[in-house]
Amino acid sequence: MSESTRPPQVILYTKAGCHLCQGARDILDEIAAQVDYELTEIDIRGDSAIFERYRYRIPVILIDEALAAEGRIEYSDLAQAFHIA
């Protein structure tokens, strides 16, 4: 698959018990009905450097390595990032 046809690579930085993270995941699930993407969820507690970088910002969503949204994420934020708004 060429670079131009592969689905967007999405990373969700999260941690267990984070209600904002669950909300972001729910929004990603809604968007999955409209857009194919590959999701990687990363628990920030698994790596101290990642924890320090994102501990006050989660959830953080990157699309193809670019910051798409963080913190209190709304559907419209991600819809725009996925170009479906």
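Structural data are supplied above this passage.
To start, this report covers the structure provided alongside it. The shown structure was predicted, so the numbers you read here are calculated from the model rather than taken from an experiment. (Residues numbered from 1 in each chain as written. Predicted model: local features only at pLDDT ≥ 70, side-chain atom pairs only at ≥ 80, totals over all residues. Heavy atoms only, no water.)

What to know about the sheet that holds strand 2 (residues 38-43)
- Strands sit in the order 2-1-3-4 across an open sheet of four strands; the sheet is mixed. Of all the strands in the sheet, just strand 2 and strand 4 (66-70) have a single pairing partner and so form its edges. Adjacent strand axes in the sheet meet at a mean angle of 20 degrees when their direction is disregarded.
- As defined by bridge partners, strand 1 (residues 9-14) adjoins strand 2 across six bridges and the pair is classed as parallel. The residue of strand 2 that forms the bridge with Ile11 is Thr40.
- Set on the sheet, helix 1 (residues 19-32) makes contact with strand 1, strand 2 and strand 3 (60-63); between it and strand 1 the angle comes to about 160 degrees. (Pairing = 2+ DSSP bridges. Helix = DSSP H or I, 4+ residues; strand = E, 2+ residues; numbered from the N terminus. Axes fitted to C-alpha atoms, helices over the stretch in contact; angles between N-to-C directions. Contact = heavy atoms within 4.5 Å.)

Some words on the state of the cysteines
- Counting across every chain of the model gives one disulfide.
- With a sulfur-sulfur separation of 2.4 Å, Cys18 is cross-linked through a disulfide to Cys21. On the sign convention where negative means left-handed, the S-S torsion of about 75 degrees between Cys18 and Cys21 marks this disulfide as right-handed. (Disulfide = S-S within 2.5 Å.)

What to know about the pattern of salt bridges
- Under the criterion given, the structure shown has six salt bridges.
- Ionic pairing is found between Arg6 and Asp64, a salt bridge with its closest N-O pair at 3.5 Å. Pair noted here: Arg6 is in the segment before strand 1 and Asp64 is in the loop between strand 3 and strand 4, with a separation of 58 residues, a long-range link.
- Classification of Asp64 by relative accessible area gives partly exposed; the value is 40%.
- Across the salt bridge formed by Asp43 and Arg45, the nearest N and O atoms sit 2.8 Å from each other.
- Its relative accessible area of 33% is what places Asp43 among the partly exposed residues.
- The exposure class assigned to Arg45 is partly exposed, which follows from its relative accessible area of 49%.
- Ionic contacts of the salt-bridge type, sharing partners, join the residues Arg25, Asp29 and Glu41 into one network. (Salt bridge = Lys/Arg side-chain N within 4 Å of Asp/Glu carboxyl O. Buried < 20%, exposed > 50% of the residue type's maximum accessible area, 1.4 Å probe, protein only.)

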